[in-house]
Protein chains: 2
Amino acid sequence: MTRIAFIGLGNMGGPMAGNLVKAGHEVTAFDLVEASRQAAAELGVGISGSAREAVAEAEVVVTMLPAGRHVLAVWADILPAVKPGTLLIDCSTIDVESARKAHALAAEKGCPALDAPVSGGTGGAKGATLTFMVGGSEEAFDRGEPILARMGRKIVHCGAAGNGQAAKICNNMILGISMIGVSEAFVLAEKLGLSHQALFDVSSTSSGQCWSLTTYCPVPGPVPTSPANNDYKPGFASALMLKDLKLAQEAAQAAGASTPLGAAAAQLFALHNAWGEGGSDFSGIIHLLRGKEKG
Amino acid sequence: MTRIAFIGLGNMGGPMAGNLVKAGHEVTAFDLVEASRQAAAELGVGISGSAREAVAEAEVVVTMLPAGRHVLAVWADILPAVKPGTLLIDCSTIDVESARKAHALAAEKGCPALDAPVSGGTGGAKGATLTFMVGGSEEAFDRGEPILARMGRKIVHCGAAGNGQAAKICNNMILGISMIGVSEAFVLAEKLGLSHQALFDVSSTSSGQCWSLTTYCPVPGPVPTSPANNDYKPGFASALMLKDLKLAQEAAQAAGASTPLGAAAAQLFALHNAWGEGGSDFSGIIHLLRGKEKG
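Since we're looking at a predicted model, the values are computed, not measured.

(A) A look at the overall build of chain A. Assigned secondary structure in chain A consists of 13 helices and nine strands. Relative to the globule expectation of 19 Å for 295 residues, the C-alpha radius of gyration of chain A, 20 Å, shows essentially globular dimensions. Sorting the 295 residues of chain A into buried and exposed places 58% on the buried side. For chain A, long-range pairs separated by at least 24 residues make up 65% of all intrachain contacts whose partners lie at least 6 apart in sequence. Counting every atom, chain A has about 11,100 Å² of accessible surface; 54% of that belongs to carbon and sulfur.

Structure (structure tokens):
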């Protein structure tokens, strides 16, 4: 049993904190939103009056927040209140630069830290089947892993501070690009009179094979479990894909990397969002590419 | 035993014709290049004085030529000389429009036809392990399949005339896009201090998984059999990827399909070729994306 503080009880953080309670940990938590606090309380999470109060007795602090500025603000707020040696784990998906600043803030206070963004969405958060991509020292990872393992199924140590965020944005950049590529191919196939199933049969067993095709196929039919079969309900919302592609572009610009297709993918998902589809699954980008005549 | 005429005995056609001889067929062939005729003769292929002469007694004609204009010229030349009912199979990779014109030429003469472009490269041609993507009627496919099966391992019927070409360019457009996407991700990872192996470990088992990553990884190390481990010797030459991406763009423009990443990929491979790398494996595009400091 570990005393854990959990800051940020939204659609992801709430069920994740609940899974820590279920695993027998003592969880004290805070969120600015009253409804989120109530929902977490119903899962057995202890609610504090503030973030500072939540962390006072904690051995481990977990944060799950929208963006880098929130993480830096919360960590700056709570660090004076945590005991030295407390492990800080940020599970938010944020920019690499802020993640590394957060590590530095923690180090000043003598606290080990991990950046541990997740994939797997709200379903994974509820079912404790998330994947964690983790950056930080070996020592910090060894302490954090058993905690993360109660909220997820796969915990990958990606290297030093910030590398969890780096792995996530690199992976999701491949994902965003390949989903557009697969969608373009299906639209081209349609115009050439080639059936979805025929293209699927060829590419799923050859060099065009990719997760976007064989697990998450953007047209209904070939993969019955893909969101395309459920009117493109997420799944993984286009707004979140856009967020990750923007983070990849920020990182590329800061680090001096040239990512022409990553940049184009970010622009295309920005368009998809501008057309009011941010709440649709990201595979719905095929509608943007197909044009007015939805097939 | 079938009497087969084979027109076009280059790096692909030569060994393919040889495999038909090996399978017990009587093969009569022609190529404009003397050296290609000699190499094929050494494989037991009978050499004729012209394409017309080669096809005179054939039950099946196979062509393997560089581009659509060559296929149309050769088919127009030989069709007056073939017997009615002869099956014409074009294994070249050409534009969809020319492929459909070739089918129409054959139909005028009462000849069934197939477009049957391949993947698998010269290794697949020699080892008879090619994949054939085939367009044409069921009846023509049923006649052609046993012939193709002596030159390849996987024969996929993709639908009506031209659909073999359509499937190939749609698949290779996905491939070209995903290889650039994976390469961009590795370059971004390098600049962020994330190791190749860490990115591979995350993405190969999650939503970034694709053939370009897990079978043909563009950095040395994670997949020991990929061309990156052999100084980017092809494999599949960048010049051929550029050819296929251009065919995809031609088809998209003719059919009114919008393929923004396909267009960008064609431009990036054009750049890769412009930098003198047309003979390198297409995964060498990572050098273009990395910039001067080759890692």
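Resuming the write-up.
(B) Here's a closer look at the interface of chain B and chain A. With 56 residues of chain B in contact, the opposing surface of chain A contributes 56 residues. Summed over both sides, the interface of chain B with chain A buries roughly 4,500 Å², with 70% coming from carbon and sulfur. Linking chain B to chain A there are zero salt bridges. Our enumeration of links across chain B and chain A arrives at 21 residue pairs in polar contact (both at pLDDT 80 or more). Mapped by element, the contributors of at least two residues to the side of chain B that touches chain A are helix H5 (96-108), strand S9 (152-159), helix H8 (163-192), helix H9 (196-203), helix H11 (238-255) and helix H12 (260-277) of chain B. The biggest single contributor to the side of chain B that touches chain A is H8(B), with 21 residues. When its residues are assigned to classes, the side of chain B that touches chain A shows 36 nonpolar, 15 polar and five charged.

(C) Structural context of the packing of aromatic side chains. Residues and elements named next belong to chain A. A complete count under the given rule lists eight aromatic pairs over all chains for this structure. Seen from their ring centres, Tyr216 and Phe282 are 5.4 Å apart, and the 35 degrees between their planes marks the pair as tilted. Separated by 66 residues along the polypeptide, Tyr216 in the loop between helix H10 (211-214) and helix H11 (238-255) and Phe282 in the loop between helix H12 (260-277) and helix H13 (285-290) bring together distant segments of the chain. Judged by its relative accessible area of 10%, Tyr216 falls in the buried class.

(D) Focus on the pairing of strand S8 (residues 130-135) of chain A. Residue and element names in this part refer to chain A. Burial analysis of S8 places six of its six residues in the buried class, which makes it a mostly covered element. By the alternation rule, side chains of S8 split into Leu130, Phe132 and Val134 and Thr131, Met133 and Gly135, which are all buried. Two strands pair when backbone bridges link them, and S8 and strand S9 (residues 152-159) are joined in this way by six bridges, in the parallel orientation. Bridging from a neighbouring strand, Val134 pairs with His157 of S9. Handedness of the crossover joining S8 and S9 through helix H7 (residues 138-148) is recorded here as right-handed.

(E) Representation of the pairing of strand S5 (residues 87-90) of chain A in the model. All names here are of chain A. With burial as the criterion, each face of S5 is covered, one bearing Leu87 and Ile89 and the other bearing Leu88 and Asp90. Relative to S5, strand S4 (residues 60-63) runs parallel, the two sharing four bridges. By the bridge assignment for S5, Val61 is matched with Leu88. Across three bridges, the pairing between S5 and strand S6 (residues 113-115) is parallel. In the sheet register, Asp90 faces S6, and the bridge partner there is Asp115. Traced from S5 through helix H5 (residues 96-108) to S6, the parallel crossover comes out right-handed.

(F) Just unusual backbone geometry, in detail. Here the amide bond leading from A:Pro234 into A:Gly235 is cis, since omega sits at 5 degrees, within 30 degrees of zero. With respect to the helices, strands and loops of the structure, A:Gly235 is situated in the loop between H10 and H11. We note that A:Tyr232 has phi near 60 degrees; this positive angle belongs to a residue other than glycine. Its place among the elements puts A:Tyr232 in the loop between H10 and H11. Of note, the phi angle at B:Asp231 is positive, near 55 degrees, even though the residue is not glycine. With respect to the helices and strands, the residue B:Asp231 is situated in the loop between helix H10 (211-214) and H11. Residue class for B:Asp231 comes out exposed when judged on its relative accessible area of 65%.

(G) Up close: the nonpolar core. A:Leu188, A:Leu194, B:Leu188 and B:Leu194 are the most contacted members of the largest nonpolar core, which totals 103 residues. Setting aside residues no more than four positions away along its own chain, A:Leu194 makes contact with A:Ala189, A:Leu199, B:Cys158, B:Asn163, B:Ala166, B:Ala167 and B:Cys170. Grouped together as the second largest cluster of nonpolar side chains are 31 residues, A:Val45, A:Ile89, A:Ala125 and A:Leu148 included.

(H) Structural context of the relation of the copies chain B and chain A. Turning chain B through 180 degrees and shifting it by 0.0 Å along the axis lays it on chain A, with an RMSD of 0.0 Å. Taken together, the turn and the small shift mark the pair as related by a two-fold rotation axis. Considering only C-alpha atoms, the residue of chain B closest to the rotation axis is B:Cys210, which sits at 1.9 Å. By residue overlap, the copies meet face to face through one surface: 100% of the interface positions of chain B are interface positions in chain A.

(I) Structural view of the state of the cysteines. Residues and elements named next belong to chain B. Going through the model one piece at a time under the given rule, you end up with zero disulfides over all chains. With no disulfide of its own, Cys111 lies 16 Å from the sulfur of Cys91, the closest cysteine sulfur. On the accessibility criterion, Cys111 (4% relative accessible area) is buried.

(J) Main features of the side chain of A:Gln209. Within the secondary structure layout, A:Gln209 lies in the loop between helix H9 (196-203) and H10. A residue is classified by how much of its surface remains accessible, and A:Gln209, at 15% relative accessible area, is buried. In contact with A:Gln209, not counting residues within four places along its chain, are A:Ser203, A:Ser204, A:Thr214, B:Gln209, B:Cys210 and B:Trp211.

(K) Focus on the packing of H11(A) against H8(B). H8(B) packs onto H11(A) with a crossing angle of 60 degrees between their chain directions and a minimal axis gap of 10 Å. With respect to H8(B), the element H11(A) is oriented oblique. When the axes of H11(A) and H8(B) are compared, the crossing they make is left-handed. Contacts between H11(A) and H8(B) involve A:Ala248, A:Ala251, A:Ala252 and A:Ala255 on the former and, on the latter, B:Leu188, B:Lys191 and B:Leu192. Here the contact of H11(A) with H8(B) is composed, by residue class, of six nonpolar, no polar and one charged.

Basis of the calculations
- Residues numbered from 1 in each chain as written.
- Chains lettered and ligands numbered in written order.
- Predicted model: local features only at pLDDT ≥ 70, side-chain atom pairs only at ≥ 80, totals over all residues.
- Heavy atoms only, no water.
- Helix = DSSP H or I, 4+ residues; strand = E, 2+ residues; numbered from the N terminus.
- Rg over C-alpha atoms; globule rule 2.2 N^0.38 Å.
- Buried < 20%, exposed > 50% of the residue type's maximum accessible area, 1.4 Å probe, protein only.
- Contact = heavy atoms within 4.5 Å.
- Areas by Shrake-Rupley, 256 points an atom, 1.4 Å probe, with all protein chains shown as cover.
- Buried area = accessible area lost by both parts, 1.4 Å probe.
- Salt bridge = Lys/Arg side-chain N within 4 Å of Asp/Glu carboxyl O.
- Polar contact = N/O pair within 3.5 Å; in protein donor to acceptor, adjacent residues only side chain to side chain.
- Nonpolar A, V, L, I, M, F, W, Y, C, P; charged D, E, K, R; others polar.
- Phe/Tyr/Trp six-rings, centres within 6.5 Å; stacked < 30°, edge-to-face > 60°.
- Pairing = 2+ DSSP bridges.
- Right-handed = clockwise from strand over helix to strand, strands pointing away.
- Core = buried A, V, L, I, M, F, W, Y, C linked by side-chain atoms within 4.5 Å.
- Least-squares fit on C-alpha atoms with pLDDT ≥ 70 in both.
- Disulfide = S-S within 2.5 Å.
- Axes fitted to C-alpha atoms, helices over the stretch in contact; angles between N-to-C directions.
- Parallel < 35°, antiparallel > 145°, perpendicular 65-115°, else oblique.
- Left-handed = near helix turned anticlockwise from the far one by under 90°.

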